[in-house]
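Results of the structural survey
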Amino acid sequence: MSFVGVINKDSNKTIWSKAIQSLAGISDYIKIVIKAEALSISAVNIARTSCGEIEFKKSFFYQYDVDFTNVIKDGFQLESDDGDGDHVASYSMIVNSKHLIALFKNIDAHDLEYICLQAHISTDTPSAVLYKILVEMRASNRILRKYQVNYEPVLQKKVDIFSQYKKELYDQNMSEQAGRGVQEGVKYIMVDQSIPRQFLDMMPSSTEEFGIEVNQEDMLLSGFTNQIVKDNEYIKQPMSVAVALSIDDLVHSNLHNLSGDSSVRINFRLKYFRNFMQLVSSINTKSATALETQDNITSHYESIENSEEYLELFFKNPGDPILFELKSNRHLVIQYIQVTNDGNSNRVERSGKHSKHTSTQSSLKKRKESKNTNAFVLQPYAIQKRAAERQSLPKIINSHNGASHDLPPASTGVAQHASARSDADRPADQLFVPESESQTEEAASDSNANFDLTFSGDSRQDIITYGNDRNTGSIPFLKPGSDAEEIRKPHVRELRSRKINTYGSSETNKRIIIDEDTEYETGDSDDGGANQEELGPTQGPKRPRSILE
Amino acid sequence: MKLKLTTRDTERLRTTLSLISHVRKRIVLRFTPTKLSIISVEENNVTEEPQIWCKLNMASLFDSIEIQSVKTDTISLELSIDSFLQALKNYEKANSHDLHIRLQKRDIPEGETSKQKNSRLVSLVFVYSSSNESSNSVSNIFRIPAKVLKHGHSSDTLDEPVIEGIDLIMRLPNEFAALYKRLEKFKKSSQNEMVKIKASAENGGFLGFVLEEEDKYKVTISWNRNLQVQASHYDAIQSTSEYSETNGRQDPGQDQAETNSAAAKTCRVLVRLRDWNMASKIVANCENITLLLANHHACVLHCYLDDSEEIEIMYYINALKS
């Protein structure tokens, strides 16, 4: 097991669910990046104008373990950190967001004991679980649900707009002390997140555009619809809403340094910003309710921290991206990048001194142009496009081939069949090498040995499955070989096969494959060998079983 | 043209609007220094479709009033009622002090040349300031697209309908709203289902609603007693006669119901059920509801929002030709 993440707090389960939902609203694909200290999920919309990223710190999870020893080369990267030359190891993958939505939407946080995410990313991964995220959720009624979500390993291009802006801001602050203004540089605002949230609540749902205007005295947020309409259609337009607040009321900003009467106005499509703010507000309200239901002290502290949650905005000039960042209770960082309309399509919402732009072209056209002329364009780092994958295909296949000799075998016909089936489901230009090509009997036995070695004596094996003993209130890990597990097994199996029927009939094209015949199970019946004990409770015969049986 | 208003309490204005907001998407606001009329009419078919006229006393609604127009001090605006309501609701939620309402030139969207500029297109702007939890003062600005109705424009010649020849005036009890629910039960999907309103002053008053489909069914839902009825002829609305003693709920202010032989005949008005039912919200929430009927011609619901009788709501339905 190379990656394990377990969420057990009710509020965190809800946050996880909301975060997935929010990103699924942006794109059909969600990128997951696993690092030693944090898990981040992100999505870029199809026009590559908006990007949302949510980083869950290690402390967000009840259990978070990553091991990059013998990691599969696909998706694994060492990035050099600008600061001290240290390298940050990461493993990236993309997942169809519909699958995650199916699993995590509308989860009942109180009813779930835990959500466990696992991925095998070492070279000795058995083929049945290769490129799959194993999801395990146990409900308080002792029903254990297991899912496998296929992913594609990707190499990420890091979006470094954030670090770039922050660095620029830092440099700016240094030079400002020498008396330079911020006209051309990064503008920074820290504001109570309730202000933009309440503002969005006031807005008619059909409003399309969002604008931020700042000058030396105040900040103006506006929502409007920029349409050219016939006269008799004019009053059908949604009303425009704006709120203004004095810069002195902001928590923090560098706008005091704006010179004289200059003002900066940027605007962009509202759609994804609304999505982002919904996530922000849902996280906040959920923590508030958690306070009521949970009486322990930690949640109380969390809510205190939440009440001091501030939204940070970084932006430059029209056409440059605007960045939003919200750090929530130390476990969570939500970042959102939005490409803005360029200067020419700036519309003066406020009547008064700033009206300079009179232009004949339609704003729509401009908006399109602006996407091309932006100084920054969101890179397709969360490789959503097949084309992007194809470019990097040769390299990945090579590395994959190299690694595949170490792949543990699908040792029985059933498992072969299973993996072949999942291969058949994949489009032709996938990164996967069919198992038959890379597997020989010799390799099979070799890697089998490797596999055993890796897992024997692995101290993490007993944390793979979580049994939340509600009677004692503590969470004891189920030890392999304990009586409770022995009894539970048949029940689980029955449950899984029932799921297969429902999934198989309706969603044949989906890549959630609930595979009843994993090689572990067949291994159980065929070999029953001693090495099975090393597999860990979720895969081997020691996986949780119902006490009821 | 200038319109500047300030108010603290928008509740009654909002309630009035919310009673009629489901009827049509757009309304006409006619501001004069003394009266605000909220008018809901069907643009293309003013006379045949139902009309709603609400008359509000400007002085009781607004603390300061500034209205200027070239010829008369009347400004008529057409705008979306939902936007107006939403802005008012936001103001009330914000727990703010003063709401400023003013008329402003529209912002010309870029890409539109000055040729296309139409001075009749304006914005009705709501401005108020509120403070959030951390006591920051935030000013909120709402711009509602609106259209000024000029003189000579067909909509501006909107006149309050005059119903000639009222045959029956009937005071409806407050419980009358329950009858709408009954009628709703018999409503079918058909848009043009009709209901015949029958009313007479006999035996303490009778008000019946007949739903009928030839050779299939005939349902009559009626209010049989305890109605204050005043029957009249064209010229006899104010004439006094003996009071119908069967009515136990005598209103001292209206002690002139009459039952003379000429008015004893039954009044009949055929209207669309949909049109009639649209008034249910008004009837359920208003006071002093009076139904005026002109035989085969029209029916009018007249009521006040509250006991102060400062806000008057009238709902006109013209009869269908039977």
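The rules we used
Residues numbered from 1 in each chain as written. Chains lettered and ligands numbered in written order. Predicted model: local features only at pLDDT ≥ 70, side-chain atom pairs only at ≥ 80, totals over all residues. Heavy atoms only, no water. UniProt positions renumbered as here; feature names shortened; annotations may be inferred. Helix = DSSP H or I, 4+ residues; strand = E, 2+ residues; numbered from the N terminus. Contact = heavy atoms within 4.5 Å. Areas by Shrake-Rupley, 256 points an atom, 1.4 Å probe, with all protein chains shown as cover. Core = buried A, V, L, I, M, F, W, Y, C linked by side-chain atoms within 4.5 Å. Buried < 20%, exposed > 50% of the residue type's maximum accessible area, 1.4 Å probe, protein only. Pairing = 2+ DSSP bridges. Salt bridge = Lys/Arg side-chain N within 4 Å of Asp/Glu carboxyl O. Phe/Tyr/Trp six-rings, centres within 6.5 Å; stacked < 30°, edge-to-face > 60°. pLDDT = per-residue confidence, 0-100. Axes fitted to C-alpha atoms, helices over the stretch in contact; angles between N-to-C directions. Disulfide = S-S within 2.5 Å.

Taking an unreviewed UniProt entry as the reference, chain B is identified by name as Checkpoint protein belonging to Pichia sorbitophila. As its UniProt record puts it under Sequence similarities (unreviewed entry), chain B is described as follows: "Belongs to the HUS1 family." UniProt lists a comment for chain B under the heading Subcellular location (unreviewed entry), and it reads "Nucleus".

The name recorded for chain A in an unreviewed UniProt entry is Piso0_003729 protein, from Pichia sorbitophila.

Comments concerning the overall build of chain A
Scanning chain A for helices and strands turns up 14 helices and 20 strands. A separation threshold of at least 6 residues defines the contact pool for chain A, and within that pool the share at least 24 residues apart is 71%. Split by element, the accessible area of chain A, about 23100 Å² in all, is 49% carbon and sulfur.

Points about the nonpolar core
One finds Trp16 and Phe56 of chain A together with Trp276 of chain B to be the most contacted residues of the largest nonpolar core, which totals 166 residues. When residues no more than four places from it in sequence are discounted, the contact partners of Trp276 of chain B are Phe176, Tyr180, Leu183, Val195, Ile197, Phe209, Val271, Leu291, Cys299, Leu301 and Ile317 of chain B.

So, the pairing of strand 3 (residues 38–44) of chain A
On any regular strand, side chains alternate: one points to one face of the sheet, the next to the other face. Residue and element names in this part refer to chain A. Burial runs high along strand 3: seven of the seven residues are buried. Both faces of strand 3 are covered, namely the face carrying Ala38, Ser40, Ser42 and Val44 and the face carrying Leu39, Ile41 and Ala43. Strand direction decides the pairing type here: strand 2 (residues 29–35) and strand 3, joined by four bridges, are antiparallel. When the bridges of strand 3 are listed, Ile34 appears paired with Leu39. Following strand 2, the chain reverses through two residues before pairing antiparallel with strand 3. Joining the antiparallel neighbours strand 3 and strand 4 (residues 50–57) is a turn of five residues, in which Arg48 adopts a positive phi near 55°.

Structural notes on the pattern of salt bridges
All names here are of chain A. With the rule as written, the count across this model stands at 22 salt bridges over all chains. For the salt bridge of Glu113 with Arg138, the shortest nitrogen-to-oxygen distance reads 3.4 Å. Residue Glu113 is found in strand 8 (residues 112–119), and its partner Arg138 is found in strand 9 (residues 132–139); the two are separated by 25 residues along the sequence. We note that Glu113, like Arg138, is buried. Measuring nitrogen to oxygen at the nearest pair gives 3.8 Å for the salt bridge that ties Asp171 to Lys167. With Asp171 and Lys167 both in helix 3 (residues 161–176), this residue pair falls four residues apart, about one helical turn.

Thoughts on the packing of aromatic side chains
Counted by the stated rule, this structure contains 31 aromatic pairs over all chains. Summarising the aromatic geometry, the rings of Tyr180 of chain B and Trp276 of chain B are spaced 5.7 Å apart at their centres and angled 15° between planes, so their arrangement reads as stacked. In this pair, Tyr180 of chain B is assigned in helix 4 (residues 177–185) and Trp276 of chain B in helix 5 (residues 273–277), connecting sequence segments 96 residues apart. Ring pairs connect the aromatic residues Phe3, Trp16, Phe56, Phe60, Phe61, Tyr64 and Phe104 of chain A, which therefore count as one cluster.

Here's the deal with the confidence of the model for chain A
All names here are of chain A. Per-chain confidence: chain A averages 66 in pLDDT, with 53% of residues scoring 70 or above. Contacts for the low-pLDDT stretch residues 286–306, under 50 throughout, to residues beyond four places or in other chains number 20 contacts. Low pLDDT (under 50) marks residues 345–537, which in the prediction has 336 contacts with non-local residues, meaning those over four places away or in another chain.

Quick look at the sheet that holds strand 12 (residues 206–213) of chain B
Residue and element names in this part refer to chain B. In space, the four strands of this open sheet follow the order 13-12-11-15, with antiparallel pairing throughout. Because the sheet does not close on itself, it has two edges, and the strands there are strand 13 (217–223) and strand 15 (267–272). For this sheet, the mean inter-axis angle between neighbouring strands, taken without regard to orientation, is 20°. Most of the contacts of helix 4 go to strand 13, to which it runs at about 170°, and overall it touches strand 12 and strand 13.

Side note on the environment of Pro318 of chain A
Within the secondary structure, Pro318 of chain A is located in the loop between strand 18 (310–315) and strand 19 (322–328). Taking the C-alpha atoms as reference, Pro318 of chain A lies 7.3 Å from Asn267 of chain A; in sequence the two are 51 residues apart.

Some details on the pairing of strand 16 (residues 287–294) of chain B
Residues and elements named next belong to chain B. In terms of residue burial, strand 16 counts as a mostly covered element, since seven of its eight residues are buried. Sheet topology places strand 10 (residues 168–172) next to strand 16; five bridges connect them, and they run antiparallel. In the strand pairing of strand 16, Met170 is matched with Leu291. Relative to strand 17 (residues 298–304), strand 16 is paired through six bridges, and the arrangement is antiparallel. Its bridge partner being in strand 17, Leu292 is matched across the sheet by Val300. Between strand 16 and the antiparallel strand that follows it, strand 17, lie three residues; His296 among them carries a positive phi value of about 55°.

Section: the sheet that holds strand 8 of chain A
All names here are of chain A. What the five strands build is an open sheet, ordered 5-1-8-9-10; its pairing is antiparallel. Edge strands, defined here as strands with exactly one partner in the open sheet, are strand 5 (63–66) and strand 10 (144–150). Between one strand axis and the next, the sheet turns through 15° on average, direction left out of account. As paired strands, strand 9 and strand 10 are joined by seven bridges and run antiparallel to one another. Paired with Arg138 across the strands is Leu144, a residue of strand 10.

So, the environment of Ala139 of chain A
Residues and elements named next belong to chain A. Relative to the helices and strands, Ala139 resides in strand 9. Taking the C-alpha atoms as reference points, Ala139 and Asp108, 31 residues apart in sequence, are found 9.0 Å from one another. When sequence neighbours within four positions are dropped, the list of residues in contact with Ala139 reads Asp111, Leu112 and Glu113.

Quick notes on the state of the cysteines
Linking two cysteines covalently via their sulfur atoms produces the bond known as a disulfide. Residues and elements named next belong to chain B. Considering all chains together, one arrives at zero disulfides over all chains under this definition. Among the cysteines around Cys54, which has no disulfide bond, Cys286 carries the closest sulfur, lying 8.4 Å off. Unpaired in this structure, Cys286 has its nearest cysteine sulfur neighbour in Cys303, at a distance of 3.8 Å. For Cys286, a relative accessible area of 4% puts it in the buried group.

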